[in-house]
Amino acid sequence: MAKPKLTLADIAKMTGVSTSTVSRALNDSPLINDETKQRIQSIARDHNYQIHLGARNFRLKKSFIVAVVIPIETSDAATLTNPFILEFIGSVGCELRNNGYDLLLIQDRTISERYLRSGLVDGFIQLGHGDYPNLNSVPEDVPLAVWGPPFPGQKYCTVGIDNWALSREAVEHLLRLGRRRIALITTHDHVKATTEAANRLQGYQEALRTAGLPLDPALVVSTDWNPAAGVGATQQLLRQAPDADAIFVSSGDAMALVVMETLRELGRSIPEDVAIVGFDNSSVGETGAVPLTTVSQEIRGLGAKLLVESLMQLIDGKKAATQVIEGKIIVRRSCGAAL
């Protein structure tokens, strides 16, 4: 005789837990302890229970999908193949899965109207502030968490590092190593006040001012975000400031690696002639002939966890506070610390 079919509520009643706990356990979420998970999954197996996703979503009025927005437009695949972007998507995706959610990837500069009220997603996670005015115009009842530093007047929740302080610390590290002609390679959006690039430029400038060094415009080069643009940026920098003895590549590790290779092709030794510090702590910088010193954004682990936790609070109708997490400098050979 076949056993009667159970509902999610039946299993919750039998196990003495909430229906959301049952749902997470059946989705193998690590948020549920093994004993409870095994007990719930055993009952489900005994009664041939399977989650009907459409019925569950209709009942709970949720899609269990979160849109992850990458607000950068390029003419090629450089955006989504950038190591930090891949690590961001992977880290956030793992945390969403832990919470029973799937990920929908959107590559656009804005959160378009077709997603805001479509019912396709329960909330949005955006990498960086992108179009700052557009983010501030997102209705307050739309769950939105942004990876990046807080900016004055923002109406949404952010989680991220202090780009200004960490950039200052990176340059101070180079100063302690005896470097005095420290250059900066940044992206064109450093001219906008509400960007991470602007924060990093300001941190760089503050470190030099505090050390009593001049702010030489020849030492600052801005370029496209595409790492391949690092070749031209390096060549331009050496034309403008051939005596540069260090470069802080605040536009990311992928570009820093291109800068290092270009310097070698131009006959400069790293770190003997030119010390290099990158930004992001992408895994691509950990290996190679000269491992890269870099600023860690701590997205792997804590950053992604707090970002997703904030969004889950917003989806549940709760408030979520903006959080600034502690990044750090990862010292490797490229800065010359071992010399």
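Everything that follows concerns the structure shown earlier in this document.
None of the values given here were measured: they were computed from a predicted structure.

The rules behind these values
- Residues numbered from 1 in each chain as written.
- Predicted model: local features only at pLDDT ≥ 70, side-chain atom pairs only at ≥ 80, totals over all residues.
- Heavy atoms only, no water.
- Pairing = 2+ DSSP bridges.
- Helix = DSSP H or I, 4+ residues; strand = E, 2+ residues; numbered from the N terminus.
- Axes fitted to C-alpha atoms, helices over the stretch in contact; angles between N-to-C directions.
- Contact = heavy atoms within 4.5 Å.
- Buried < 20%, exposed > 50% of the residue type's maximum accessible area, 1.4 Å probe, protein only.
- Salt bridge = Lys/Arg side-chain N within 4 Å of Asp/Glu carboxyl O.
- Polar contact = N/O pair within 3.5 Å; in protein donor to acceptor, adjacent residues only side chain to side chain.
- Phe/Tyr/Trp six-rings, centres within 6.5 Å; stacked < 30°, edge-to-face > 60°.
- Lys NZ or Arg CZ within 6 Å of the ring centre and 35° of its normal.

### Here we look at the sheet that holds strand β4 (residues 144–147)
Through backbone hydrogen bonds, the strands of a sheet pair up, either in parallel or in antiparallel fashion. Pairing in this open sheet of six strands is parallel, and the strands run β2-β1-β3-β4-β5-β11 from one edge to the other. Two strands in the sheet have a free side with no partner beyond their single neighbour: β2 (102–107) and β11 (323–325). Within this sheet the neighbouring strands show an average axis-to-axis angle of 20°, counted without direction. The pairing of strand β1 (residues 65–70) with strand β3 (residues 123–127) spans four bridges and is parallel. Its bridge partner being in β3, alanine 67 is matched across the sheet by phenylalanine 124. Those strands touched by helix α13 (residues 299–315) are β1, β3, β4, β5 (157–161) and β11, and its axis lies near 160° from that of β4.

### Brief notes about the pairing of β1
Of all six residues in β1, five are buried; the element is thus mostly enclosed. The pairing of β1 with β2 spans six bridges and is parallel. Bridge pairing in β2 places valine 66 opposite leucine 103.

### Things to note about unusual backbone geometry
That bond from isoleucine 270 to proline 271 is cis: its omega, 5°, falls within 30 degrees of zero. A positive phi is found at asparagine 281, a non-glycine position, where the angle reads about 60°. Tracing the sequence through the fold places asparagine 281 in the loop between β9 (275–280) and β10 (293–296). Judged by its relative accessible area of 10%, asparagine 281 is buried.

### Let's talk about the pattern of salt bridges
Counted by the stated rule, this structure contains eight salt bridges. The partner of arginine 300 in a salt bridge is glutamate 87, with the nearest N and O atoms 3.6 Å apart. Placement of the pair is arginine 300 in helix α13 and glutamate 87 in helix α6 (residues 83–98), with a sequence separation of 213 residues. With relative accessibility at 13%, the residue glutamate 87 sits in the buried group. Across the pair lysine 305 and glutamate 309 runs a salt bridge whose closest N-O atoms are separated by 3.1 Å. With lysine 305 and glutamate 309 both in helix α13 and four residues apart, the pair spans about one turn of that helix. By relative accessible area, which is 33% here, glutamate 309 ends up partly exposed. Among the charged side chains, a salt-bridge network with shared partners connects Glu87, Glu286 and Arg300.

### Remarks on the side chain of serine 310
Inspection of the secondary structure puts serine 310 in helix α13. Relative accessible area serves as the criterion here: at 2%, serine 310 is assigned to the buried category. For serine 310, the side chain forms a polar contact with the main-chain oxygen of leucine 306, separated by 2.9 Å.

### Digging into the packing of aromatic side chains
Under the criterion given, the structure shown has two aromatic pairs. Between phenylalanine 64 and tyrosine 101, the aromatic rings sit 5.2 Å apart at their centres with planes inclined by 45°, giving tilted as the arrangement. Pair noted here: phenylalanine 64 is in the loop between α4 (53–60) and β1 and tyrosine 101 is in the loop between α6 and β2, with a separation of 37 residues, a long-range link. Taken individually, phenylalanine 64 and tyrosine 101 each receive the classification buried, so the pair is uniform in this respect. Ring centres 6.2 Å apart and planes at 40° place the aromatic pair phenylalanine 248 and phenylalanine 279 in the tilted group. Residue phenylalanine 248 is found in strand β8 (residues 246–249), and its partner phenylalanine 279 is found in strand β9; the two are separated by 31 residues along the sequence. For the pair phenylalanine 248 and phenylalanine 279, a shared accessibility class is recorded, and that class is buried. When the ring centre of phenylalanine 279 is taken as reference, the NZ or CZ atom of arginine 200 above it lies at 3.6 Å.

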